[in-house]
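# Inside the fold
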Amino acid sequence: MPVTDVGSWMDEYSREGTVWFAKRLSANDTLATNAHQAGPYLPKDFVFDIIPSLNTPAVKNPDFHIDTYIDSHCDNLSVRIIWYNNKLHKNPESGLNGTRNEVRMTNWGGMASPVLDPSSTGALAVFVFVLSEHGIAESCHVWVCDDDVQADLVEERIGVVEPKFSVIWKPGILDGLLTTTGTGVSTCRLALADIPPAWLAKFPTGEEIVAMTRARRPDLLLPVDDRLTRRRDCEYEIFKSVEEAVYSSRISEGFPSLESFISLAQTILQSRKSRSGTSLELHARDIFTEDGLIAGVNFTHRPTVEGGKKPDFVFPSVAAYNDPAFPQERLRILAAKTTCKDRWRQVINEANRVPVKHLLTLQEGVSVPQFMEMRDAGVKLVVPSNLHKKYPEPIRAELITFESFIAEVRTLNV
């Protein structure tokens, strides 16, 4: 089925009898880290639901081949979906069980594939499984977004897709929009009784959810890098708990019209987009304060600088930035963007007085060529230390930890 754009492609597959799986490709999915095994991870429960023949733990590494069409790049091939389950089986030589218990899609054809191409690291990829009348996957259609324009169009349809998390959606079923999977912690999930009654009447703001996250995950004795990622995971669980509590009852009541169905879907998607757009910078702001930086003295959050530009953070302050006598080499800006595959370019012109920009991201890897492009454009990546292993080894030494960045800006107005 030839299509010319992602919008037409989504319209074609937004129908019953399909199920969508969307994720941001990590360096461990692509060949960015030159790993021997490459190919996107899939959640086991999801795969076992649409390919039940794979759920055979007595068989070592059961697999399934499926006709796959990469419609974004006009390619088709037979892809292997395999459950690597040697954790359940003893090695006959050592007598010990293995360590793997994961499902991957493999046999993409190597680095020439847009799915495995290192430059696709961080890209939003959508896998649409076409199901038989019995709900079994018969074929798969894939779209790998080339840029943020395509990714934004997809996220308008299914909601924000963040690193480490994925979205599963069955078109025509609104509660499918509430389905997310991931490797984050789940201990922050709220029972209905734990949700403030006011939040059930009016969806909480990002500030309110971040404040609850801070209370439930103070983690003040942890390094700031771990504190940041743990709080982000916790906040996402809180958000999902509230989302389900607020919207699930409305969904179960049914809809008097198609317009009311679409309206609620758009409300849910907009709330996810709003939360994702500010979450990382709000957590960073909290940690700056907890680590002794004083707002207005050591940093300014969301200042307005020349030309009406609004960087996320200026260091040591917007007053210092606007003072021509303050040394330029002692100024810093920090942008906070959960993903940076293409969005890093937005940072380049955010503050004229600061030639080198810092970008805090949670993206799970970038390709070496893209990192070099960022570096040549004067953008330095700030990445929590626990994510450094997700990046290609040749560039890890040039990544800046969040802790190191805070230590650097602490001295700017000394």
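Refer to the structure above for everything that follows.
Here's a quick rundown of the structure. This is a predicted model, so every value here is computed, not measured.

Another point: the pattern of salt bridges. Applying the stated criterion across every chain, the model contains 31 salt bridges. For E290, the salt bridge identified is with R231, shortest N-O distance 2.9 Å. On the criterion of sequence distance, the pair formed by E290 in helix α7 (residues 258-290) and R231 in helix α6 (residues 224-252) is long-range, its members being 59 residues apart. You can call E290 partly exposed: its relative accessible area is 29%. A salt bridge links D342 to R345; the nearest nitrogen and oxygen atoms lie 3.6 Å apart.

As a further point, take the nonpolar core. Counting 36 residues, the largest nonpolar core has F288, F315, L360, L381 and F402 as its most contacted members. Mapped by element, the contributors of at least two residues to this core are α6, α7, β11 (313-315), β12 (332-336), β13 (357-360), α9 (368-376), β14 (379-382) and α11 (402-409). The contact partners of L360, leaving out residues within four places of it in the chain, are L228, L280, A284, L334, A335, A336, K337, V382, P384 and F402.

Burial in helix α1 (residues 6-13) covers these residues: V6, W9, M10 and Y13. The buried residues of α1 occupy an angular sector of 95° when the element is viewed end-on, so they sit on one face. Against β1 (18-24), β6 (124-131), β7 (137-144) and α3 (148-158) lie the buried residues of α1. Between the side-chain oxygen at the start of α1 and the backbone nitrogen of G7 there is a gap of 3.0 Å, and the oxygen is on D5.

Applying the stated criterion to the full structure yields 20 aromatic pairs. Summarising the aromatic geometry, the rings of W9 and W20 are spaced 6.0 Å apart at their centres and angled 50° between planes, so their arrangement reads as tilted. One end of the pair, W9, is in helix α1; the other, W20, is in strand β1, and eleven residues separate them in sequence. Accessibility expressed as a relative area gives 0% for W9, which makes it buried. Residue classification places W20 among the buried residues on the basis of a relative accessible area of 1%. Taking the centre distance of 6.3 Å and the plane angle of 45° together, the rings of F21 and F127 count as tilted. With F21 in strand β1 and F127 in strand β6, this pair connects stretches of sequence that are 106 residues apart. Exposure remark for F21: the relative accessible area of 1% places this residue in the buried category. An aromatic cluster of at least three residues, connected via ring pairs, comprises F288, F299, F313, F315, F402 and F405. Across the ring face of F239, the terminal group of R275 is positioned such that the distance to the ring centre comes to 5.8 Å.

What counts and what doesn't
By convention here, each chain's residues receive numbers from 1 onward along its written sequence. For a predicted model such as this one, the threshold for reporting local features is a pLDDT of at least 70, and the threshold for listing and counting side-chain atom pairs is 80 or more; totals across whole chains, interfaces and linings nevertheless cover every residue. Each side-chain value is worked out from all heavy atoms of the structure, with water and hydrogens disregarded. Any Lys or Arg side-chain nitrogen found within 4 Å of a carboxyl oxygen on Asp or Glu counts as a salt bridge. Under the DSSP-based scheme used, a helix requires at least four consecutive residues in state H or I and a strand at least two consecutive residues in state E, with every element numbered from the N terminus. Think of it in three bands: with a 1.4 Å probe and only protein chains considered, a residue is buried below 20% of the maximum accessible area for its type, exposed above 50%, and partly exposed in between. Nonpolar cores are built from buried Ala, Val, Leu, Ile, Met, Phe, Trp, Tyr and Cys residues. Side-chain atoms within 4.5 Å join them into one set. Whether two residues are in contact is decided by their heavy atoms: any pair within 4.5 Å suffices. Relevant arc is that of directions from the helix axis to the C-beta atoms, nothing else. The definition of a polar contact used here is a pair of N or O atoms within 3.5 Å, where within protein one atom must be able to donate a hydrogen and the other to accept one, and adjacent residues in sequence count solely through side-chain atom pairs. Ring geometry is summarised as follows: Phe, Tyr and Trp rings, the Trp one being its six-membered ring, pair when their centres sit within 6.5 Å, and such pairs are stacked at plane angles under 30 degrees, edge-to-face over 60 and tilted between the two. In our convention, an over-ring charge means Lys NZ or Arg CZ found within 6 Å of a ring centre and within 35 degrees of that ring's normal.

Just geometry here; none of it tells us what the structure is for.
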